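# A look at the structure
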Amino acid sequence: MLYDNLKSLIPDEALCNKVLTLFNRELEQRDQKIAELQDTLARTVETLHGDVREKLRLEEELKNHSDGKFRIAAELAGDYIYEAIIDDNKICALYASQGFTKLTGYTIDDINREGWQHYIHPDDLPAAQQTIREIAPHKPSRFEYRIRCKDGRTIWLRDFSQPIFDEQGRFVKFIGFSRNITAEKEASLALQRERQLLDTLLNTVPMGICFADEDGTFLSVNKTLTELLGYDKSELLGNHFSIIIPEAYREYAKAAHRTFMAGDSLIITSEMPVQRKDGTQRWVRITTQKFQRDDGKWYRVSATEDITEEHREREEKNKLLDLLARTQAMTHIGSWEFDFQPLRFTQWSDELFRIYERPLELGLPSAEEYAERYLSPESHRALQAFVANLISTSPQAEGEIELPIITHTGGHKVIRVRQVIMLENGQPKVAQGMTQDITREKLLEQQKEELTKQLIQAQKLEAIGTLAGGIAHEFNNILAGMLGNVRLLERKLQHEKPVAQKYIDQLVTLNHRAATIVSQMLGFARQGKYEVQPLSLKACVDNVSRILLTTTDRRIRFHLNTAADVPMIHGDPVQIEQVILNLAKNAIDAIEPLLGKSREQGHIEFELRYEPIPEHFQNKLVQKTGDMPMVLLKISDNGTGIPKEIQHKIFEPFFTTKPVGKGTGLGLPMVYGIVQNHSGHLFLESEASKGTSFYLYFPAVSVSAQEPSASVATQSFDLSGIRVLVIDDEAPIREMLAEYLSELGAEVTVAENGQAGIDAFHTLPKENLFVILDLNMPDMSGEQVLKVLREIDSRVRVLIGTGYLENEQKMRLNGFGAMQVLTKPYSLDDIIAALLPAHDTA
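Please read all numbers here as calculations on a predicted model, not as lab measurements.

### A few points about empty space enclosed by the protein
Over the atoms, a rolled probe matching the size of one water molecule traces out where space is still vacant. All told, the structure shown has one cavity of 30 Å³ or more when counted by the stated rule. Within this model, the largest cavity holds a volume of roughly 290 Å³. What lines the largest cavity is a set of 23 residues, and nearest its centre among them are Tyr82, Ile91, Trp116, Tyr145 and Asp159. Those elements giving two or more residues to the lining of the largest cavity turn out to be β1 (80-87), β2 (90-96), α6 (125-135), β3 (141-148) and β4 (154-165). Here the lining of the largest cavity gets five residues from one element, more than from any other, and that element is β2. The class makeup of the residues in the lining of the largest cavity is 18 nonpolar, four polar and one charged.

### What to know about the sheet that holds strand β27 (residues 797-802)
The five strands lie next to each other as β25-β24-β26-β27-β28, forming an open sheet whose pairing is parallel. Single-partner strands in this sheet number two, and they are β25 (747-751) and β28 (820-823). Here the average twist between neighbouring strands, direction ignored, is 20 degrees. Across five bridges, the pairing between strand β24 (residues 723-727) and β25 is parallel. Residue pairing in the sheet places leucine 725 in a bridge with threonine 749 of β25. Relative to β25, helix α21 (residues 731-743) is tilted by about 170 degrees, and along the sheet it contacts β24, β25 and β26 (769-774).

### Comments concerning the packing of aromatic side chains
Scanning the entire structure with this criterion turns up 27 aromatic pairs. Ring centres of phenylalanine 143 and tyrosine 145 lie 5.0 Å apart, and the angle between their planes is 15 degrees; on these two criteria the pair is classed as stacked. By the burial criterion, phenylalanine 143 is buried, and tyrosine 145 matches it. Ring centres of phenylalanine 211 and tyrosine 299 lie 5.4 Å apart, and the angle between their planes is 25 degrees; on these two criteria the pair is classed as stacked. Of the two residues, phenylalanine 211 is situated in strand β6 (residues 208-213) and tyrosine 299 in strand β10 (residues 298-306); the sequence distance between them amounts to 88 residues. With a relative accessible area of 18%, phenylalanine 211 lands in the buried category. Residue tyrosine 299 is classed as buried on the basis of its relative accessible area of 9%. Over the ring of tryptophan 156 we find lysine 185; its NZ or CZ atom is 4.7 Å from the centre of that ring. When the ring centre of phenylalanine 260 is taken as origin, the NZ or CZ atom of lysine 290, which lies over that ring, is 5.3 Å away.

### Examining the confidence of the model for the chain
On average, residues of the chain carry a pLDDT of 78, and 72% of them reach 70 or more. Segment residues 54-66: pLDDT under 50, and eight contacts once partners within four positions in sequence are set aside and those in other chains are kept. Overall, residues 703-715 carries pLDDT values under 50, and its contacts beyond four positions in sequence, including any with other chains, amount to 16 contacts.

### Regarding the sheet that holds strand β8 (residues 267-275)
Read from one edge to the other, the open sheet built from five strands follows the order β7-β6-β10-β9-β8, with strand pairing classed as antiparallel. The two strands at the open ends of the sheet, each matched to only one other strand, are β7 (218-221) and β8. Sheet twist, expressed as the mean angle between neighbouring strand axes with direction ignored, is 25 degrees. The pairing of β6 with β7 spans three bridges and is antiparallel. Across the sheet, the residue bridging to alanine 212 is phenylalanine 218, located in β7. The sheet contacts of helix α10 (residues 247-262) involve β6, β8, β9 (281-292) and β10, and relative to β9 the element is tilted by about 20 degrees.

### Considerations on the pairing of β2
With five of seven residues buried, β2 lies mostly within the body of the structure. The pairing of β1 with β2 spans six bridges and is antiparallel. Bridge assignment links alanine 84 to a residue of β2, and that residue is alanine 93.

### What to know about α10
With 16 residues, α10 extends 24 Å between its outermost C-alpha atoms, agreeing within 8% with the 22 Å of an ideal straight helix rising 1.5 Å per residue. Those residues of α10 that sit buried are Ala253, His257, Phe260 and Met261. Looking straight down α10, one finds its buried side chains confined to an arc of 85 degrees; they lie on one side. Across from the buried face of α10, at angles greater than 90 degrees, the exposed residues are Ala248, Glu251, Tyr252, Arg258, Thr259 and Ala262.

### Description of the pattern of salt bridges
In this structure the tally under the stated criterion is 43 salt bridges. Among the salt bridges present, the one from arginine 113 reaches aspartate 110, with a minimum N-O distance of 2.5 Å. Taken together, the positions of arginine 113 and aspartate 110, both in helix α5 (residues 108-114) and three residues apart, correspond to about one turn of that helix. For arginine 113, a relative accessible area of 55% corresponds to the exposed category. Look at aspartate 110 and you get buried, because its relative accessible area is 12%. Two residues, aspartate 793 and arginine 795, come together in a salt bridge whose shortest N-O distance is 3.7 Å. For arginine 795, a relative accessible area of 68% puts it in the exposed group. If you follow the salt bridges from partner to partner, you end up with Glu398, Glu400, Glu402, Arg416, Arg418, Glu441, Lys442 and Glu445 in one network.

### What to know about the nonpolar core
Soluble globular proteins tend to pack their nonpolar side chains together in the buried interior. Leu537, Ile604, Phe606, Leu633, Phe694 and Leu696 are the most contacted members of the largest nonpolar core, which totals 39 residues. Counting only elements with at least two residues in this core, the list comes to α17 (537-549), β17 (556-562), α18 (573-591), β19 (602-612), β20 (629-637), α20 (667-677), β21 (681-687) and β22 (691-698). Ranked by residue count, the leading element in this core is α18, at eight residues. Apart from the residues lying within four places of it in its own chain, the contact partners of isoleucine 604 are Ile556, Arg557, Phe558, His559, Ala584, Ala587, Ile588, Ile591, Ile635, Ser636 and Asp637.

### A look at the packing of helix α22 (residues 754-763) against helix α23 (residues 782-792)
Between α22 and α23, the shortest axis-to-axis distance is 10 Å and the interhelical angle comes to 15 degrees. Judged on the interaxial angle alone, α23 and α22 are roughly parallel. The handedness of the crossing between α22 and α23 is right-handed. Seen from α22, the contacting residues are Gly754, Ile758, Phe761 and His762; seen from α23, they are Val785, Val788, Leu789 and Ile792. When its residues are assigned to classes, the contact of α22 with α23 shows six nonpolar, two polar and no charged.

### Considering helix α14 (residues 377-391)
Here α14 contains 15 residues, and its C-alpha end-to-end distance of 21 Å stays within 8% of the 21 Å for a straight helix at 1.5 Å per residue. Burial in α14 covers these residues: Ser379, Leu383, Phe386, Val387 and Leu390. The arc that holds the buried residues of α14, viewed along the axis, is 95 degrees, so those residues lie on one side. Turned more than 90 degrees off the buried face of α14, the exposed positions are Pro377, Glu378 and Arg381.

### Structural notes on the environment of glutamate 305
Assignment of secondary structure puts glutamate 305 in strand β10. Those residues within four positions of glutamate 305 in sequence are excluded, and the remaining contacts are Met207, Trp283, Val284 and Arg285.

### Here's the deal with the packing of α17 against α18
Relative to each other, α17 and α18 sit at 50 degrees, their axes nearing to 9 Å. Compared by their axis directions, α17 and α18 come out oblique. Viewed along their axes, α17 and α18 form a crossing whose handedness is right-handed. On the side of α17, the interface is formed by Leu537, Cys540, Val541, Asn543, Val544 and Leu548, while α18 contributes Ile576, Glu577, Ile580, Leu581, Ala584, Lys585 and Ile588. Among the residues forming the contact of α17 with α18, the class breakdown is 10 nonpolar, one polar and two charged.

### Topic: the environment of glycine 639
Relative to the helices and strands, glycine 639 is located in the loop between β20 and α20. Sequence separation between glycine 639 and serine 686 is 47 residues, and the spatial gap between their C-alpha atoms is 9.8 Å.

The rules we used
- Residues numbered from 1 in each chain as written.
- Predicted model: local features only at pLDDT ≥ 70, side-chain atom pairs only at ≥ 80, totals over all residues.
- Heavy atoms only, no water.
- 1 Å grid on protein atoms, 1.4 Å probe; cavity = no way out; pocket = protein on both sides within 12 Å on 5 of 7 lines; lining within 4 Å.
- Points joined across faces, edges and corners; volume = space filled by probe spheres on them.
- Helix = DSSP H or I, 4+ residues; strand = E, 2+ residues; numbered from the N terminus.
- Nonpolar A, V, L, I, M, F, W, Y, C, P; charged D, E, K, R; others polar.
- Pairing = 2+ DSSP bridges.
- Axes fitted to C-alpha atoms, helices over the stretch in contact; angles between N-to-C directions.
- Contact = heavy atoms within 4.5 Å.
- Phe/Tyr/Trp six-rings, centres within 6.5 Å; stacked < 30°, edge-to-face > 60°.
- Buried < 20%, exposed > 50% of the residue type's maximum accessible area, 1.4 Å probe, protein only.
- Lys NZ or Arg CZ within 6 Å of the ring centre and 35° of its normal.
- pLDDT = per-residue confidence, 0-100.
- Expected span 1.5 Å × (residues − 1).
- Arc of directions from axis to C-beta.
- Salt bridge = Lys/Arg side-chain N within 4 Å of Asp/Glu carboxyl O.
- Core = buried A, V, L, I, M, F, W, Y, C linked by side-chain atoms within 4.5 Å.
- Parallel < 35°, antiparallel > 145°, perpendicular 65-115°, else oblique.
- Left-handed = near helix turned anticlockwise from the far one by under 90°.

Next comes the structure, spelled out in C-alpha cells:
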C-alpha cells in the first residue's frame, strides 16, 4: 500500500525508486532494531517471569517505531510530503516534512490557523478549490499553483495527492507530494514569451517565413507569407509547397528542392515566380536553410521576399541594356571605362570586343596589352598626345580622335574615340568614352572622293564631248555631201579617161579616212557606236598587233594570253581597236626610254579572260556587278609606270606628261569615253619604274558576228516609178540626193526642215513614196517628224540619216516605224540598197 501511494505521489520514477530504496534501508534498520528489542523483551520476560506492564510498554514503543517509517521516508524525499484532512472545506495539515518549512517558511500551525487556501495565489485559488472537491470523493489529483512564501516570495508548486480511505471505504485523509517547480515554470514562461515574441516578429517582419519538412510540406507559415500568396493559413498547412508554384516551373522547383535536401549545402538563395490563390504571379527571392532536429529528420525554413517590382525594374533595365547593346551593334559603337590609378580598363562592352575582334573569354585587356597588340607605334603616340592635351585643358576634358588600329586577328580598322577624362587634384582619375568603328565610313569617304573625281572628269569629258559631237556632226554632213558629189562626179566622168578615176578613188579614200576620224571623235564624246556587232576582242588585238609590229622597236615583244572560253562582246570594231591601239602606243612610249638602260627588252602583254570583277575594283563602282562574269582585256607593260600622285588625272582631257608635240592629252580620255559607251569598266594599276596594267571589262554576248552585206552596184538600177521626199536642213545633201536619185529615174521632192517636209508629205501621192529624213534638225527633230508622218499614214516608209546615233535612240526609232537608220557619211549605194528591196516588196 505504501509503495503504491508513493508511486502515485512521485511520477518521476528515478526519484520514486530513490525514495523507496532509502525507505527500505530504514525499514531494514528498524526491523533489525525491533528484532533486537524483541530478543531483549523475551529475555526480560523470562527474567521477570511475565512482567506484563513492561511488555505493554515495549509493544507501544514498537508501534511508535512503525508509524515513524512514513515520516522518515518523507524527510528523505526532497521538497516535502504531507498529510492533510478536509475540515469544513478547509485543508488542515496533519503532517508536513521539514522540506515544507524550508521551502515556504511556514509551520503546520501557520497553515492550520489560516487554512492552506489562504496562502494560494488568488489567480490559482479557483482551480485549487476545484481540486479539493475532486480529492474528497476518491480521485487522485495533479495540480500546479503558486503560493506566497513567508518572506514575500511567490513560488510555483506541482502537487500530487492521493485520497486515503478506511476499511469501510470512507474518506479519511489524503497524503501528497509537492515539488518546487519555480525554475521550471520561469523557464517555461520565458520560453513562452520568447515564442510569443518570435510569433510577433514572424508576423510583422516584411518577409514570408515558412517551416516545412523534408518532403516540402508546410508545417508553419507566417502572416506575411499568407498575405503575399492570398491564402488562409489553414489552406497552406499540410499542403506541399508546389501548390504555390506556377505550372511551368513546378517540376523544376520540385527537383531543386530534392537536390537541396539531399546535398551538402545548408543554405541556398534563389529567385522564382510564385502563383497566388487568384492566379496572378509574383516574383520572389527565397533564402532556404535546412537543419536536423532531435528526431533525426531534416527540415527547412525559408524566408521569402517579394521582388516583383525589383524583377520588373531589372527586366526593364535588361531590356534597355539589350536595346543599348543592339544599338551599339547597329552603330558599331562600344563603350568603355579606364582607371588611371592603376592603369587598367574597368569596363568593355560586348560591341567593343567585336570591334577589336577580341574573344570574350580573354576578358579585358591590360593597358600594356592594348597598346602593344591593337595600336601601331604611330597610333599609340597620337593617342598619348591626345590624352595629354585633354588633361591640360580643363577639370573635365572631352574630345575625340580618329585612329587606325590592328584587330586581334590581324585586320586593320579605323576607329573614332570620343572620351571624357575626370581629374582629381589636377591628376587624371577616370576616363569614360565610346569607340565607333568607322572603317566602312572611311571607305565610303574614299569612294566618294573617287566618285567626285570621276564626276569632275566625266563633266570635263562631257563638255569636250559635246563640242566634239557637234563638230563631228557637222563634219559628217560635210563628208556626206562631199562623198555624194564625188560619186556624182564619178558618174559624170565615167566615159572620160581613166586618169580621172584615179583622183576620184583618192577622194573617196580620203573621205573614208575623214569619216574614221569623225567616228573616233564621236567615240571620245561617247556618242554613238556605229557598227555595233558581236566581235571578238582577240581578233581586235590581232589586228592592232599587225599594225604595230611593223613600226615598233623589235626589242619590244607582244604577247597574247587568252583563255579558251572567252565569249564575244557587242561593240564597234573601229572604236574598240582604237582603244587597244591607243593603250598599246602608250605602253610603247613608256618602254622605249628604258631600252638600253634599265631594260634590255620590253614586253607588252594582252590577256583575255572571262571572270567577275574583283572586289577591290568593285569598291570603286557606284553599282556593283557582283559575281556576274565579264570579258576582261588586260593590257600590261614593263615600262616606266605612272606615279601614284597623278594616276587620278590621266583620264582628264588635255592632261599629258609627254613633251610638246608628242601628245595631245586626248588619247586616254577617248579610251575612257569609248569603254563607258560600250557599258564597260576601266581600271588602272601602276607602280613607278615597274610598269602599268589597264583592266577593261565588257559585257559578254553569245552570238556570232554577221557577215557584211555586199555593196550594191548603183549604175545598173532604175528607180523609175519611185517617189522620194528628202527632208534635210543641209542644202548640199538635199541637192546631191535630188540630182543623184533623179538621174536614176526617181521623182524627188526636197524640204529644208521638218514642217516643210510634213506639208509636202500631205500633197504627195502615197503610192511608192519613200522619205529620207535627217534626224538632227533645228526647230523640229527627225523623231517628231516621224511621229507626225506615221499619224498621217501608218504605212509610210522612212529612211533615217544621222551624223551620230545612240543605240537606245536607234531602237526607239525602229519602234516608231523607221525602215532603216543610215549613219552619215552614208554612200549612195546604201540608199539604193535600202530603196530597191522595199520597192520590189511593194
